[in-house]
Structures are given as structure tokens and as C-alpha cells.
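What follows is the residue order along each chain.
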Amino acid sequence: MLPDAQPSAFGGFVNESLGLLAQESPFHLQALAAALGHRRITIAIKGEPVQCLFPGPQPWVGSASEASEVTVETTIETLAGILDGDDLLARALIDDRLIIRGSCDDVLAVDDALRAWGHGALRSPSFSLLCERFKSHYAGAKHARVEFKW
Amino acid sequence: MRASPADSLANEGLGLALGRSDALKREFGRSSDVPSDYKEWFHFCVEVPGGHLIVNFSLVDRWGAKGGRSEGVLTILSTWPHWRGVVRRFPSDAVRAREGELDLQLGPHSLRLTGGVFEVSVDDERLGLSLRLTPRTWPTQSRLRLGGASSLEWVIVPQLEASGELTLGARSLRIATARAYHDHNWGRFRWSADLAWEWGFAIAENDAEPWTVVFSRLMDQGGRRTFSQGVLVWQGPSHVRTFHDREIRIARSGFHRQREALTLPPVGAFLMPGAASGVPARFELEAGGLGDDLTIAFSPESHARIVLPSDDNALQLTVVNEVVGRAQVRGHVGGRAFDFSSATIMEFVRAA
């Protein structure tokens, strides 16, 4: 049984972005769930590991409690750069600013899931506002260095 | 010295003509209960000191799992001091738009036509823009075939005079008597793998040579089939010639390359990493017929990308490449010769 979801600020962002897909582009949430299948993915940003999985049609997002098929480690600066289009996922991988661990099949499945998420985010009118709220949250923190487009 | 529109055009007549051609053509959000692919937009390009500015107010119907949805979209791109931009989307309750007039409000941003003058006001985070755009030519309307039953109505006001101010963060740029271009488009069509276009304009930089040229080509994705193409020529305020489909030949060569490209909205860069555009390194157009001739040679310098969702495929995109560069235009129309070079913008649209 899954523990209660207790998302951190980052977990809240993941949760809300999946909720947006459910509301505004459900096809892409289904595509994301189909790509992930049974897999658990853990994303760790500044020591806050957030786990995501699809026990059913709806996602579960919370603190990492069990081993994951795929883990992602990065920083808020790198994540914000990728979300802002100023950084590339591939470049962050090559530079070891973003590390993905998992079997090849599992990592490719997560890549498919991320692409489905991106297509859904592009089609969700509210996504850019969510992104800006997320960046504002971290821009206020001393450890973060997040810049806006303008 | 430039003649002002008030001097050179019958202002009242121009205001009346614009009031008709640039009025919103359909009630916003009318068909939210049936699938609709209606799109209508107002596009402006302004040559500002040291760069270009693109302003686009769009009203779009989208069809999704939960039915129809109409929204307003504001897109701003500036090459001053380097490519920057923003795309803002507004749900229907944040949009004010009435059929039969141009008095558009998208959130805090507005576009109005008052007394034959366009007024643009943008008040965004770290971006402010106020513009007054006064036409220097009469509007011209065309219908562009897009393949199948789809078509796009296209009203062009190819030369305006723009004044105002652009503010980006702490920097401000005063815009005074700048050359500008405007068009108004509306129709029912779908962004899909079967639609691509090339479009551009060139305004003579020398006021003594008041020529303006606008061209478009609409085609399928591979460019194997051209649905329609045309080149329109103005001398001063008057539209003097249109070269039609078979009078035009277009040649593309090489590929324009740049290391990085601004891509908007930002999640578009996640989906399309890098700067690939499909924009040629050189674009050449030749037109001729009935004793008239024209050549346009365009060399891209840099581009930015606007990524749009495909209307037909949930995992496909359409990319609008906005490309700045120089156009060399030469020709003869009605026995009069022209030969000018112009800093300008071209648009290359393709599926991805």
C-alpha cells in the first residue's frame, strides 16, 4: 500500500503538472502512464526525492519510499534551465548536471513518458503559469539562481 | 521627406477601408459546442533601431477531449538587443473581442483600431510596449488556398509608420517613425503535417523609392505540391501588381544554421532541442509576366522558433520559424524599375 502523498515543493509541482494534464490534455496523461507502465521513477532535487508512479489511471506522487526502476538527480538550476528552454536535457546529461540511473529499457520508457508530458504541457493553457509559480518559489530561495526569459 | 498618411491618403477613406478589412470577422468563442478549427490573427512587424519586433494577437478555437475551447494568444518577439520573446495564452473569460470591430483585449494587453490608426499596448512582466501604427498604404485582401477545402483570408497593410516605446526589464527603446508591416488573417484550417508556408515582405529603405513587396507560398509539408503562391507589389500607397501562381518560380539552397535558437513557449525547446529549422541558407524568387518582372533574394541571418501543437496529431508539432535577414529586390512593374535592399523578416512554417 502506498503511503499518503506528502509532496515537497518540487513534488507539488510534479503533482500539479500531472493534474493539469488530467484536466487540460488527458490524452497525454494516458500516454505518459502507458509509457511508464508499472515503473516507479524517483526524481531527486536538492535532496528532496520525489517518487511518481501510476498504480491506476491516476498518478501517485510522494516521498520516495521504495526502490525505483529509474532515478533522476539534478539541481533546481538545471531543471529550471530545461523548463525554460535555456538548457538541453542531452547537454545536462553529458555534463553530469543531470544523472539518470536505470536499465536501458526503463530509461527509454521514461524518455517516452517525458515526451508525452512535454506535448501535454504545450497543449495545456495553464502550464506556463504553473511553471512560473514554480520558478518564482525557487527564485526567492537563496540557494537558487533562476532567471526569467525577459 | 516622407509624406504623412494624412497628406498622401484620403484619411477618412482609409479609416473606413481599414475599419472593414481589419474588423474581427467572427464572434469570439462562438462555436465552443462543435469542433472548430477557426483561427484569426493580427500580425505586426516593426523595424526598430538595431532590430525587429514582432507582435501577434491571435484568437484560436481548439478542440480537445472536453469539447471546444477558444483562447487568445499574444506572441511578442524582439531581436533587440538579441532574440527574446514571450507567448501568453488567455482563456475565453480573459478575452474581450467583438465581431465587426477591432477592439481586442487579451488580459491586460490590447489592440485597437481608432481613426485608421492601430494602437498596441502590452503590459507584461518585464516587458512593456506601446505602439501607434499609421498606415502608409491601402489594405489589400487576398484568399490563400491551403489545400482541400481550407483557405485563409489575408488582408495586408504592407507599410505603416510606427512610433512608441519598448521596455525590456530596465532597458527602454524609443521607436520613432519606424517602418512596419501588418496583416490580418482568418479562416478555418488545421495545423498538420500537410501544411507548410513561406512568407515575407520587403520595404524599400530609401523613401525616395517607395516600393513594397510581399510574397507567400503555401504548400504541403515536403514542398512537392504548392497550393497557392503570389507576389504583391506596391508603389507608394497603391497596390500596382500581383504576380500569380504560374508566374512565380522559387529556389531554395543550402540550410541556414545557427548554434542555438530562441524557442517559445519554453517547453517547445524541450520537445525540439537544438536550433534545427529547415530554413534555407538562401531563398530566391523570380516572377515575370505581361512585361513585368521581379526577383527577390533573401539571405537569413538568424531565427527564432514558435512551436505550436498539431491540430491533427497529439504527438506532432508545427514550427513557425521567424527569420531575420536581408532581401535584395529588383524588377520592373508598369515600365518603372526598382532595385533595393531591405532588412526584413521571413516566416518558414513546417510540421515537425
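Digging into the overall build of chain A
For chain A, the count of helices and strands is six helices and five strands. Starting at the N terminus, the α and β elements of chain A follow one another as α-α-β-β-β-β-α-α-β-α-α. By the burial criterion, 47% of the 150 residues in chain A qualify as buried. In chain A, the share of contacts with a sequence separation of at least 24, taken over all contacts with a separation of at least 6, comes to 68%. Within the structure as shown, chain A displays about 7200 Å² of accessible surface, and the carbon and sulfur contribution to it stands at 56%.

Topic: the overall build of chain B
Broken down by element type, chain B carries three helices and 22 strands. At 19 Å, chain B has a C-alpha radius of gyration in line with the 20 Å of a compact globule built from 352 residues. Oriented by its inertia axes, the alpha-carbon framework of chain B measures out at about 60 × 45 × 40 Å. With 352 residues in all, chain B has 58% of them scored as buried. Put simply, 61% of the contacts in chain B that link residues at least 6 apart link residues at least 24 apart. With the model as given, the accessible surface of chain B reaches about 14100 Å², and the carbon-plus-sulfur share is 48%. Distance between charge centroids for chain B: 4 Å, based on 40 positive and 41 negative side chains.

As for the sheet that holds strand β2 (residues 48-53) of chain A
All names here are of chain A. Reading across the sheet, the five strands line up as β3-β2-β1-β4-β5 and stay open at both edges, with mixed pairing between neighbours. Of all the strands in the sheet, the pair left with one neighbour each is β3 (60-63) and β5 (98-101). When strand polarity is set aside, the average angle formed by the axes of neighbouring strands in this sheet is 20°. Across four bridges, strand β4 (residues 70-74) lies against β5 in antiparallel orientation. Its bridge partner lying in β5, Glu73 is registered against Ile99. Strand contacts of helix α1 (residues 9-24): β1 (41-45), β2 and β3, with the helix running at about 25° to β2, the strand carrying the most contacts. Taken strand by strand, helix α3 (residues 76-83) contacts β1, β4 and β5, and its axis lies near 100° from that of β4.

A short note on the interface of chain A and chain B
On the side of chain B, 34 residues touch chain A, which itself brings 27 residues to the contact. Taken together, the two surfaces of chain A and chain B that pack against each other cover about 2700 Å², and 64% of this comes from carbon and sulfur. Scanning the region where chain A abuts chain B turns up two salt bridges. A salt bridge links Glu132(A) to Arg88(B), with the shortest nitrogen-to-oxygen separation between them at 2.8 Å.

A short note on the packing of aromatic side chains
This structure, assessed with the given rule, holds 17 aromatic pairs over all chains. Plain terms: the ring middles of Phe13(A) and Phe134(A) are 4.3 Å apart, the flat faces sit at 20° to each other, and that makes the pair stacked. Of this pair, Phe13(A) sits in helix α1 while Phe134(A) sits in helix α6 (residues 127-139), and the two are 121 residues apart along the sequence. Accessibility classification places Phe13(A) together with Phe134(A) in one group, the buried group. With a centroid separation of 5.9 Å and an interplanar angle of 85°, the aromatic rings of Trp117(A) and Phe270(B) are classed as edge-to-face. Taken together, the residues span two chains, with Trp117(A) in helix α5 (residues 104-123) and Phe270(B) in helix α3 (residues 266-271). Comparing Trp117(A) with Phe270(B), the two get one shared label, buried. Grouped by ring-pair contacts, the aromatic residues Trp41(B), Phe189(B), Trp191(B) and Trp197(B) constitute a single cluster.

Some thoughts on the pattern of salt bridges
Per the counting criterion, the structure on display carries 32 salt bridges over all chains. When the shortest N-O distance is used, the salt bridge between Arg39(A) and Asp106(A) registers 2.6 Å. Separated by 67 residues along the polypeptide, Arg39(A) in the loop between α2 (26-36) and β1 and Asp106(A) in helix α5 bring together distant segments of the chain. Note on accessibility: Arg39(A) and Asp106(A) belong to one class, buried. Residues participating in the shared-partner salt-bridge network are Asp87(A), Arg91(A), Asp95(A), Arg97(A) and Glu260(B).

Description of the side chain of Arg241(B)
All names here are of chain B. By secondary structure assignment, the location of Arg241 is in strand β16 (residues 238-243). Residue classification places Arg241 among the buried positions, given a relative accessible area of 10%. A distance of 2.7 Å separates the side chain of Arg241 from the backbone oxygen of Gly289, its partner in a polar contact. A distance of 2.7 Å separates a polar atom in the side chain of Arg241 from a polar atom in the side chain of Asp292. In contact with Arg241, not counting residues within four places along its chain, are Val231, Leu232, Val233, Glu247, Gly289, Leu290, Asp292 and Val333.

Rules behind the numbers
Residues numbered from 1 in each chain as written. Chains lettered and ligands numbered in written order. Predicted model: local features only at pLDDT ≥ 70, side-chain atom pairs only at ≥ 80, totals over all residues. Heavy atoms only, no water. Helix = DSSP H or I, 4+ residues; strand = E, 2+ residues; numbered from the N terminus. Buried < 20%, exposed > 50% of the residue type's maximum accessible area, 1.4 Å probe, protein only. Contact = heavy atoms within 4.5 Å. Areas by Shrake-Rupley, 256 points an atom, 1.4 Å probe, with all protein chains shown as cover. Rg over C-alpha atoms; globule rule 2.2 N^0.38 Å. Lys, Arg positive; Asp, Glu negative; His and termini not counted. Charge placed at Lys NZ, Arg CZ, Asp CG, Glu CD. Pairing = 2+ DSSP bridges. Axes fitted to C-alpha atoms, helices over the stretch in contact; angles between N-to-C directions. Buried area = accessible area lost by both parts, 1.4 Å probe. Salt bridge = Lys/Arg side-chain N within 4 Å of Asp/Glu carboxyl O. Phe/Tyr/Trp six-rings, centres within 6.5 Å; stacked < 30°, edge-to-face > 60°. Polar contact = N/O pair within 3.5 Å; in protein donor to acceptor, adjacent residues only side chain to side chain.

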